[in-house]
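Read off the chains here:
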Amino acid sequence: MDKVHKASRTLEITILSAENLSLNRKSIKKNAYVIARVDPTNFGSTTAGFEGGSNPSWNEKLALDMSFQTRFITLEVKCKTSSGDRVVGTASLPLSDILGDYTPESCLHFLSYRLRDSRGEKNGIINVSARVKVPVESMSPAVTENPVRSGCSSSWKQPALGVPVGHQKSYYGGGVARGVPIWS
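Residues numbered from 1 in each chain as written. Predicted model: local features only at pLDDT ≥ 70, side-chain atom pairs only at ≥ 80, totals over all residues. Heavy atoms only, no water.

By the naming in an unreviewed UniProt entry, the chain is C2 domain-containing protein, taken from Salix suchowensis.

Listed below in structure tokens is the structure:
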């Protein structure tokens, strides 16, 4: 019996850094880390940062499988303390910030989000880069070699994949979309 193929895609998110983190209104000294959650059972985590204090830097890449129905990724910054792990702040990353508009699905986006503590107050910023990795089997056209196989195979070229943009200049860094959606 064939296995049922579950439609999904992979989010590749790099947790870059955070700024102005505090716990109980005091700057964090060390041991901050980030958990990126698709749902309660599907998540990835960075290692605890021992340097950087209230401005830690991780630069760690996480790959998370997600269904096509996923709308948000939750980013949760935590700190290891003597009394256990404490939540410093949380942010929601809407997938519409990565998908949509006129950029290809696999385009790399640099984003920053406001963190909120458990009381809903501002508590720093988290900086990430993210892209959705498109499965090779879902890309079209599926042809990867010359279908005719006669004398002129060296002149045949594989069709380009992506969004055709003509011969316009790129004002956006050549395939990298940049955005800073910070809400107050």
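That covers the picture; the talk isn't over yet.
Take unusual backbone geometry next. The phi dihedral of Asn 24 falls on the positive side, at around 55°, and the residue is not glycine. Here Asn 24 lies in the loop between strand S2 (22-23) and strand S3 (26-27). (Helix = DSSP H or I, 4+ residues; strand = E, 2+ residues; numbered from the N terminus.)

As paired elements, strand S7 (residues 72-81) and strand S8 (residues 84-94) share 10 bridges and run antiparallel to each other. Paired with Val 77 across the bridge in S8 is Gly 89. Where S7 folds back onto S8 in an antiparallel hairpin, the turn is made up of two residues. (Pairing = 2+ DSSP bridges.)

Scanning the entire structure with this criterion turns up eight salt bridges. Glu 12 is the salt-bridge partner of Arg 131, the closest N and O atoms lying 3.3 Å from each other. Residue Arg 131 is found in strand S10 (residues 122-133), and its partner Glu 12 is found in strand S1 (residues 8-19); the two are separated by 119 residues along the sequence. Look at Arg 131 and you get partly exposed, because its relative accessible area is 25%. Judged by relative accessible area, Glu 12 falls into the buried class, the value being 14%. A salt bridge links Glu 121 to Arg 119, with the nearest nitrogen and oxygen atoms 3.8 Å apart. A residue is classified by how much of its surface remains accessible, and Glu 121, at 32% relative accessible area, is partly exposed. Where salt bridges share partners, they join Glu 12, Lys 61, Arg 131 and Lys 133 into one cluster. (Salt bridge = Lys/Arg side-chain N within 4 Å of Asp/Glu carboxyl O. Buried < 20%, exposed > 50% of the residue type's maximum accessible area, 1.4 Å probe, protein only.)

A few words now on the pairing of strand S9 (residues 108-116). The sheet contact formed by S9 and S10 spans seven bridges and is antiparallel. Across the sheet, the residue bridging to Phe 110 is Ser 129, located in S10.

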